[in-house]
Amino acid sequence: MYNSKSDSMAFFSIAHVSLKGISAAVPRQRVSNFDLEHHDTEELQKLISTLGIEERRVATPSQCASDLCVAAAEKLLSDLNWDRSEIDAVFFVTQTPDYQLPGTSLHIQERLGLPKSCATFDINQGCAGYVYGLSLASAFLSSSGLKKALLLVGDTITKLISPFDQSLLPLFSDCGTASALEFDAKAEPLYFNITSEGENFDKIIVNDGGARNGFSEASLVYKEYHPSVKRMGIHLAMKGLDVFHFSLKKVAPNVEELLEKTKRERSAIDYFVFHQANQMILDSIAKKLGIDPAKVPSSLKAFGNTSSTTVPLTIAARLKTGNKVMDSTMLLSGFGVGLSLASALVNFKEVVCPDIIELS
Amino acid sequence: MSGNSLDTFLNFLRLLFKEDSRGAIGAETNLASLKEWSSLQTMIIVNEIDKEYNVVLDVDDLKNASSVRELFEIVQLKKR
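Report on the accompanying structure. Quick caveat: nothing in here was measured; it's all calculated off a predicted structure.

1. Brief notes about the overall build of chain A
Scanning chain A from terminus to terminus reveals eight helices and 20 strands. Its C-alpha radius of gyration of 19 Å places chain A within 12% of the 21 Å reference for a compact globule of 360 residues. Counting only C-alpha atoms and orienting by the principal axes, one finds that chain A spans roughly 60 × 45 × 40 Å. Going through the 360 residues of chain A one by one, you find that 58% of them count as buried. Long-range contacts, defined as pairs at least 24 residues apart, comprise 78% of the intrachain contacts of chain A with a sequence gap of at least 6. Distance between charge centroids for chain A: 3 Å, based on 35 positive and 41 negative side chains.

2. Here we look at the interface of chain A and chain B
Contact residues are listed per partner, giving 16 residues for chain A and 18 residues for chain B. A buried area of about 1,600 Å², summed over both sides, lies between chain A and chain B, and 64% of it is on carbon and sulfur atoms. When the area that chain A buries against chain B is broken down by residue, the three leading residues are Lys46(A), Leu241(A) and His245(A), summing to 32%. At the junction of chain A with chain B, the criterion picks out one salt bridge. The partner of Asp50(B) in a salt bridge is Lys288(A), with the nearest N and O atoms 2.7 Å apart. For the interface between chain A and chain B, the tally reads four residue pairs in polar contact (both at pLDDT 80 or more). If you list the elements that add at least two residues to the side of chain A that touches chain B, you get helix H1 (41-51), helix H5 (240-261) and helix H6 (279-289) of chain A. The element contributing the most residues to the side of chain A that touches chain B is H5(A), with six residues. Of the residues that constitute the side of chain A that touches chain B, the class distribution is five nonpolar, three polar and eight charged.

3. Topic: the nonpolar core
Ranked by internal contacts, the top residues of the largest apolar core, which has 76 residues, are Phe272(A), Phe274(A), Phe335(A), Phe9(B), Ile49(B) and Leu57(B). Top contributing element to this core by residue count: H5(A), with ten residues. The contacts of Phe272(A), once residues within four sequence positions are left out, are Val255(A), Leu259(A), Arg266(A), Ile291(A), Lys295(A), Val296(A), Pro297(A) and Leu331(A).

4. Concerning the sheet that holds strand S6 (residues 87-93) of chain A
Residue and element names in this part refer to chain A. Read from one edge of the open sheet, six strands run S7-S6-S8-S9-S3-S20, paired in mixed fashion. Two strands bound the open sheet, and with one partner strand each, they are strand S7 (119-123) and strand S20 (357-359). Within this sheet the neighbouring strands show an average axis-to-axis angle of 20°, counted without direction. In this sheet, S20 lies alongside strand S3 (residues 17-27) in parallel orientation, the contact comprising three bridges. When the bridges of S20 are listed, Ala25 appears paired with Ile357. Of the strands in this sheet, S6, S7 and strand S8 (148-155) touch helix H3 (residues 104-111), which is tilted by about 135° from S7.

5. Quick word on helix H3 (residues 39-53) of chain B
With 15 residues, H3(B) should reach 21 Å at 1.5 Å per residue; the first-to-last C-alpha distance of 21 Å fits that figure. By the burial criterion, the buried members of H3(B) are Leu40(B), Gln41(B), Thr42(B), Met43(B), Ile44(B), Ile45(B), Val46(B), Asn47(B), Ile49(B), Asp50(B) and Tyr53(B).

6. Here we look at the packing of helix H1 (residues 6-14) of chain B against H3(B)
All names here are of chain B. The N-to-C vectors of H1 and H3 enclose an angle of 135°; their axes lie 11 Å apart at closest approach. In terms of orientation, H1 lies oblique with respect to H3. At the point where H1 passes H3, the crossing takes the right-handed sense. Each of Phe9, Phe12 and Leu13 in H1 lies in contact with H3, whose residues at this interface are Ile45, Glu48, Ile49, Glu52 and Tyr53. Grouping the constituent residues of the contact of H1 with H3 by class yields six nonpolar, no polar and two charged.

Procedures and definitions
- Residues numbered from 1 in each chain as written.
- Chains lettered and ligands numbered in written order.
- Predicted model: local features only at pLDDT ≥ 70, side-chain atom pairs only at ≥ 80, totals over all residues.
- Heavy atoms only, no water.
- Helix = DSSP H or I, 4+ residues; strand = E, 2+ residues; numbered from the N terminus.
- Rg over C-alpha atoms; globule rule 2.2 N^0.38 Å.
- Buried < 20%, exposed > 50% of the residue type's maximum accessible area, 1.4 Å probe, protein only.
- Contact = heavy atoms within 4.5 Å.
- Lys, Arg positive; Asp, Glu negative; His and termini not counted.
- Charge placed at Lys NZ, Arg CZ, Asp CG, Glu CD.
- Buried area = accessible area lost by both parts, 1.4 Å probe.
- Salt bridge = Lys/Arg side-chain N within 4 Å of Asp/Glu carboxyl O.
- Polar contact = N/O pair within 3.5 Å; in protein donor to acceptor, adjacent residues only side chain to side chain.
- Nonpolar A, V, L, I, M, F, W, Y, C, P; charged D, E, K, R; others polar.
- Core = buried A, V, L, I, M, F, W, Y, C linked by side-chain atoms within 4.5 Å.
- Pairing = 2+ DSSP bridges.
- Axes fitted to C-alpha atoms, helices over the stretch in contact; angles between N-to-C directions.
- Expected span 1.5 Å × (residues − 1).
- Parallel < 35°, antiparallel > 145°, perpendicular 65-115°, else oblique.
- Left-handed = near helix turned anticlockwise from the far one by under 90°.

Shown next as structure tokens:
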């Protein structure tokens with residue numbers, strides 16, 4: 001293992017862990033952005049083309065992120081032919097857990113029929129959550145000598161969006177993913193560059209319902225913040241322009257640092273899989289990095305912004321042939337809520353990837 | 001690359017708005033007062049200024065600029 005820290009970055013590598021599979025499950029229910037209520041059709045068209053989002057997947061009231069992740073994990077375990085009794089740990093990354101407590105990963109352990117010897121972790125991370133989770137799960141395997149772990153990453157952010165918030169409604173979509181990790185003495189190292197900006201904790205926030213601002217009657221009162229934005233305290237609030245500024249300013253340098261530290265030319269990277277915030281952000285980051293847009297896959301059109309799951313969902317939607325991810329070197333990067341920003345360099349070799357599941 | 005003049009900046013900004021509202025945009029216009037102003041339009045402008053001038057404006061910059069002229073001055077200041 002190797003690490004190098006400065007004030008602005010934490011670069012490290014994790015040895016002996018390989019990614020064996022990725023799968024994704026989305027709600028069957030589709031919602032078209034063309035059906036959004038909007039005062040002006042020309043404006044709506046501009047919104048859709050700027051965001052790059054035409055359709056979103058919206059969970060039913062009874063569908064949770066854990067349900068989508070369990071469906072994705074079931075399919076992956078069966079395609080990998082993994083014996084459940086051999087799974088040593090489950091990491092569940094979400095911002096939409098089933099309950100305030102206990103941690104959702106515990107119930108997932110039971111639902112997937114995993115052994116009692118399996119360790120369970122809940123991790124509260126969003127847009128950067130896949131890379132964060134990948135670093136934790138792989139570090140756990142690498143240092144413990146244990147053999148197999150599941151990284152489940154899922155969110156149903158649509159449950160947190162006010163039906164009267166026209167600024168956020170067109171963006172968010174739901175998804176659950178599963179990734180399989182295994183100890184492998186011959187694996188190439190995974191490289192990470194992870195940063196946190198806690199001073200911006202309130203840029204994307206659900207104010208009420210936690211211990212700081214407990215749920216009360218006042219949590220259910222709609223307030224108007226803008227003629228097109230009304231929401232309650234239990235809804236997601238986002239300072240969009242601040243988050244946009246962060247994305248334009250911080251993501252490209254973070255990726256460049258990781259490339260420099262790993263001594264990789266841009267040409268050595270087959271795909272740059274970014275958090276799917278919106279198409280304008282993806283295009284800008286690609287331009288800043290001077291990379292061919294063809295190397296920056298987007299799953300926005302059909303799946304929107306699915307929070308923590310955008311990276312694995314985009315791989316499943318755009319970078320697979322048959323039932324495998326294309327063998328390639330990928331740079332994965334997530335950024336957003338926290339605010340946090342995390343990038344990883346991962347070599348994909350023989351990574352199993354079933355078709356995306358649609359869950360009713 | 002755009003030149004450094006206010007005129008060039010004005011022409012650049014006008015093109016980011018609908019054709020029929022471009023005529024109304026002058027050096028003293030407060031962009032936030034335009035009918036077309038929205039959070040989406042703000043993001044588009046921030047993005048285009050970044051691409052053209054390599055300056056990422058933040059929320060305070062946009063709040064502080066009461067006219068196109070002031071916005072232009074902020075962009076010039078940040079470019080240095």
